[in-house]
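Listed here are the chains, written in short residue letters.
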Amino acid sequence: MTIVERFLKYVSFDTQSADETGKTPSTDKQLDLARYLKEELQTIGLTEVELDSDGYLYATLPANTDKPVPVIGFIAHMDTSPDCSGRDVKPRIVRGYDGGDIVLDAGAGIVTSPSKFPELLAHKGEDIIVTDGHTLLGADDKAGIAEIVQAMVYLLEHPEIKHGKIRVGFNPDEEIGLGAHKFDVGKFGCEWAYTMDGGELGELEFENFNAAAAKVEFTGVSVHPGYAKDKMINAARVAAEFVGRMPAGETPETTSGYEGFYHLVALEGGVEKASATYIIRDHDRARFEARKQYVSDLADELNGRYGSSVVQVSLNDQYYNMREKIEPVMHVIDIAKQAMTDCGITPVVRAIRGGTDGAQLSFKGLPCPNVFAGGLNFHGPHEFLPVPSLQKASEVVVKICELVALRA
């Protein structure tokens, strides 16, 4: 089976995760892919294949050398984003992309155009996998799964490539921030690992946002509007004031690079009750803490004006910047860089404007930078995957395994 065939098979499974179901995995349908992958890993010849009750799948490629080699791992997530449907994905391969518009659905007028997505032009002449314009594709992160599985097959078929023990881990619920929560780092048993969950060819990431979620609840006092003077507290209006006081130039749509933001995810309510949900992001830990403090201070200010219990803030940290855990073991980055260079790829080291399972795993004791998986425009119908990037990512996995053994 080719790597493209594997990928197309994986995207036929609807594995969309869901917030606030209170269970792991968050959706039972993720287990359909997990069970399929368990059987596939056993069939290709991996050992210690185990699918636990929470939907975490682990497996081993045994070492084929007697010399001591660090045990390393490769990780990808099985779920797709709640932001866009992953049901009945209808992928199509555009052969030798010509650099023009790609019509996904002519009848509905859905077109992926380089005028809006200029990153397409970097892949002119390549075969590109696209959607039909009505679902996401699922390259995030089924491309990563395909790359890892294909690399394991290649290493099994080429025993002349010496490597140590390699561990494989596929997990649910990354897209809702819970992918690493029940990942058994002790059982995985690696000195370090790589998540194959990045984007464009060559990406290598060991910095990510510090992240928190803020739920702001507003409690008002409802009084007949004709007799409301000095009595009514309109929760929706207080919420609007709160939102209006957030820095206008520090939102996702106005920031890039290392700039952090406050992102208003949801706003709803009426006179008696209202709520606002934010996510707070910053690469710098001190600025991150200052952002959280600003939210709390703003709530205190409004409570001083309207009443002590009108605004209630709940802040929850979600993950932290993995850089502080990777810097002491920078050889894991050096090996990935060399692997890319040896495969004819120019490494592009950049900070993630988001999170990754690797961040949480790094703080659980498993240093885990992020390597490109090749897809672009994730979480929507304009997602696409250049086939050469898919193939190159799998080559990088093989090369990393080889280099770790050579360096040992």
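A. Up close: the overall build of the protein chain. Secondary structure summary: the protein chain contains ten helices and 17 strands in total. Out of the 408 residues in the protein chain, the part that is buried amounts to 52%. If you take every contact in the protein chain between residues at least 6 apart in sequence, the share linking residues at least 24 apart comes to 79%. Taking the average location of the 40 positive side-chain charges in the protein chain and that of its 61 negative ones, the two points are 2 Å from each other.

B. Representation of helix α5 (residues 235-244) within the structure. Burial in α5 covers these residues: Ala235, Val238, Ala239, Glu241 and Phe242. Here the buried residues of α5 occupy an arc of 160° about the axis, which is enough to place them on one side. On its buried face, α5 sits against β11 (210-219), β12 (261-269), β13 (273-282), α6 (285-306) and β14 (311-319). The backbone nitrogen of Ala236 has a side-chain oxygen 3.0 Å away, supplied by the residue at the start of α5, namely Asn234.

C. Representation of the sheet that holds strand β8 (residues 166-171). The strand order across the open sheet built from eight strands is β1-β2-β8-β3-β9-β16-β10-β15, with neighbouring strands paired in mixed fashion. The outermost strands of the open sheet, each flanked by one partner alone, are β1 (47-51) and β15 (348-349). Here β1 pairs with strand β2 (residues 57-61) via three bridges, running antiparallel. Residue pairing in the sheet places Leu51 in a bridge with Leu57 of β2. Against the sheet, helix α8 (residues 331-342) engages β9 (192-198), β10 (203-205), β15 and β16 (370-372), with an angle of about 50° to β9.

D. Molecular detail of the environment of Asn303. Structurally, Asn303 is set in helix α6. When the C-alpha positions of Asn303 and Phe218 are compared, they lie 10.0 Å apart, and in sequence the two are 85 residues distant. Apart from the residues within four sequence positions on either side, Asn303 is in contact with Ser308, Ser309, Val310 and Val311.

E. Quick peek at the nonpolar core. Counting residues in hydrophobic clusters, the biggest one holds 68 residues, and the most contacted among them are Phe7, Phe74, Met152, Phe170 and Ile400. Sorting elements by how many residues they give to this core places helix α10 (residues 387-407) first, with eleven residues. Setting aside residues no more than four positions away along its own chain, Phe7 makes contact with Ile129, Leu137, Gly138, Ala139, Lys142, Ala143, Ala146, Leu385 and Leu390. Counting 23 residues, the second-largest nonpolar core is a separate cluster that includes Phe218, Val238, Ala239 and Val295.

F. Helix α2 (residues 30-44), seen in detail. The end-to-end C-alpha separation of α2 is 21 Å, in line with the 21 Å expected for 15 residues at 1.5 Å each. When we look at burial in α2, the residues that qualify are Gln30, Leu31, Leu33, Ala34, Leu37, Glu40 and Leu41. The inward-facing, buried residues of α2 abut α1 (3-10), β1, β2, α3 (139-157) and β8. The positive-phi residue at the C-terminal boundary of α2 is Gly45, with phi of around 115°.

G. Geometry of the pattern of salt bridges. Scanning the entire structure with this criterion turns up 24 salt bridges. For the salt bridge of Glu327 with Arg323, the shortest nitrogen-to-oxygen distance reads 2.5 Å. Overall, Glu327 belongs to the partly exposed group, its relative accessible area being 41%. Through salt bridges with shared partners, a single network forms among Arg285, Glu289, Lys292, Asp317 and Glu324.

H. Quick look at the packing of aromatic side chains. Per the counting criterion, the structure on display carries twelve aromatic pairs. Taken together, Tyr56, Tyr58, Phe183 and Phe188 form an aromatic cluster joined through their ring pairs.

I. Focus on the packing of α1 against α10. Direction vectors running N to C along α1 and α10 enclose 105°, while the axes themselves pass 10 Å from each other. It follows that α1 is roughly perpendicular to α10 by the angle criterion. On α10, the residues that touch Ile3, Val4 and Phe7 of α1 are Val387, Leu390, Gln391 and Ser394.

J. Representation of the side chain of Asn210. Relative to the helices and strands, Asn210 resides in strand β11. A polar contact of 3.0 Å, which involves the side chain of Asn210, links it to the backbone oxygen of His283. Here Asn321 takes part through its backbone nitrogen, which lies 2.9 Å from a polar atom of the side chain of Asn210.

K. Up close: the sheet that holds β14. Spatially, β12-β13-β11-β14 is the arrangement adopted by the four strands of the open sheet, whose pairing is antiparallel. The sheet terminates laterally at β12 and β14, the two strands that pair on one side only. On average, each strand axis in the sheet is tilted by 15° relative to the strand beside it, whichever way the strands run. Where β11 and β13 come together, ten bridges link them in antiparallel fashion. If you follow Lys215 over to β13, its bridge partner there is Thr277. Taken strand by strand, α6 contacts β11, β12, β13 and β14, and its axis lies near 165° from that of β14.

L. Broad picture of the side chain of His77. Following the sequence through the fold, His77 ends up in strand β3 (residues 72-77). One polar contact links His77 to Asp79, side chain to side chain, over a distance of 2.9 Å. Reaching out from His77, the side chain makes a polar contact with the side chain of Asp140 at a distance of 3.0 Å. If sequence neighbours within four positions are ignored, His77 has contacts with Asp140, Asp141, Ile145, Asn171, Glu174, Glu175, Asp197 and Asp357.

Calculation rules
Residues numbered from 1 in each chain as written. Predicted model: local features only at pLDDT ≥ 70, side-chain atom pairs only at ≥ 80, totals over all residues. Heavy atoms only, no water. Helix = DSSP H or I, 4+ residues; strand = E, 2+ residues; numbered from the N terminus. Buried < 20%, exposed > 50% of the residue type's maximum accessible area, 1.4 Å probe, protein only. Contact = heavy atoms within 4.5 Å. Lys, Arg positive; Asp, Glu negative; His and termini not counted. Charge placed at Lys NZ, Arg CZ, Asp CG, Glu CD. Arc of directions from axis to C-beta. Polar contact = N/O pair within 3.5 Å; in protein donor to acceptor, adjacent residues only side chain to side chain. Pairing = 2+ DSSP bridges. Axes fitted to C-alpha atoms, helices over the stretch in contact; angles between N-to-C directions. Core = buried A, V, L, I, M, F, W, Y, C linked by side-chain atoms within 4.5 Å. Expected span 1.5 Å × (residues − 1). Salt bridge = Lys/Arg side-chain N within 4 Å of Asp/Glu carboxyl O. Phe/Tyr/Trp six-rings, centres within 6.5 Å; stacked < 30°, edge-to-face > 60°. Parallel < 35°, antiparallel > 145°, perpendicular 65-115°, else oblique.

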